[in-house]
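If you want the building blocks of each chain, they are given just below.
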Amino acid sequence: MKNNTPPTTLQRTGHSVRRQQQRGITRELVALALQFGKRYHVGGGRVAYYLGRRHFPQGLPASLADRAEGLLVVLAGDVLVTVYRNTAGFRATRKGFRRRGPSV
């Protein structure tokens, strides 16, 4: 039986650390995406968590909601591969994952 819960501790790649800093995505936002985001298998053993507005918990402060909307977190096992915002929705992103194939 597969475990569908995100890992509690993450290893971070150098790439993911740089991208988080460049894009202003905090660990708090990553944790929010892992806890409440929709999980997608994107191939190559990777899993993406997409946090759209409909996934927000009730009572989330507006300032945090604005920063978290469209957040996408990509994991390979318990390794954080990359993070970014995609306000266009996950469908467009998913097509991109299929074209590029595994890169981990």
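Parameters at a glance
- Residues numbered from 1 in each chain as written.
- Predicted model: local features only at pLDDT ≥ 70, side-chain atom pairs only at ≥ 80, totals over all residues.
- Heavy atoms only, no water.
- Helix = DSSP H or I, 4+ residues; strand = E, 2+ residues; numbered from the N terminus.
- Buried < 20%, exposed > 50% of the residue type's maximum accessible area, 1.4 Å probe, protein only.
- Polar contact = N/O pair within 3.5 Å; in protein donor to acceptor, adjacent residues only side chain to side chain.
- Contact = heavy atoms within 4.5 Å.
- Pairing = 2+ DSSP bridges.
- Salt bridge = Lys/Arg side-chain N within 4 Å of Asp/Glu carboxyl O.
- Core = buried A, V, L, I, M, F, W, Y, C linked by side-chain atoms within 4.5 Å.

(A) Here's a closer look at the side chain of His 55. By secondary structure assignment, the location of His 55 is in the loop between β3 (46-51) and α3 (62-68). Judged by its relative accessible area of 19%, His 55 falls in the buried class. Of the polar contacts made by the side chain of His 55, one reaches the backbone nitrogen of Gly 52; its length is 2.9 Å. Not counting the four nearest positions on each side in its chain, His 55 is found in contact with Phe 36, Lys 38 and Tyr 50.

(B) Molecular detail of the pairing of β3. Burial runs high along β3: 6 of the 6 residues are buried. Side-chain alternation along β3 places Arg 46, Ala 48 and Tyr 50 on one buried face and Val 47, Tyr 49 and Leu 51 on a second face that is also buried. In this antiparallel pair of consecutive strands, strand β2 (residues 38-43) and β3, the connection spans 2 residues, and Gly 44 shows a positive phi of 65°. Sheet topology places β3 next to strand β4 (residues 71-76); 6 bridges connect them, and they run antiparallel. Looking at β4, one finds that Arg 46 is bridged to Ala 76.

(C) Representation of the pattern of salt bridges within the structure. For the structure shown, the criterion picks out 2 salt bridges. Between Arg 53 and Asp 66 there is a salt bridge, and its shortest N-O distance comes to 3.4 Å. With Arg 53 in the loop between β3 and α3 and Asp 66 in helix α3, this pair connects stretches of sequence that are 13 residues apart. Since its relative accessible area comes to 42%, Arg 53 is described here as partly exposed.

(D) Local environment of the nonpolar core. Grouped together as the largest cluster of nonpolar side chains are 20 residues, with contacts concentrated most on Val 30, Leu 34, Leu 51, Leu 71, Val 73 and Leu 75. Elements supplying a minimum of two residues to this core: α2 (27-36), β3, α3, β4 and β5 (79-85). The element best represented in this core is α2, accounting for 5 residues. Every residue in contact with Val 73, bar those within four places of it in the chain, is listed here: Val 30, Ala 33, Leu 34, Val 47, Ala 48, Tyr 49, Leu 80, Thr 82 and Val 83.

So yeah, pure geometry; function would need other evidence.
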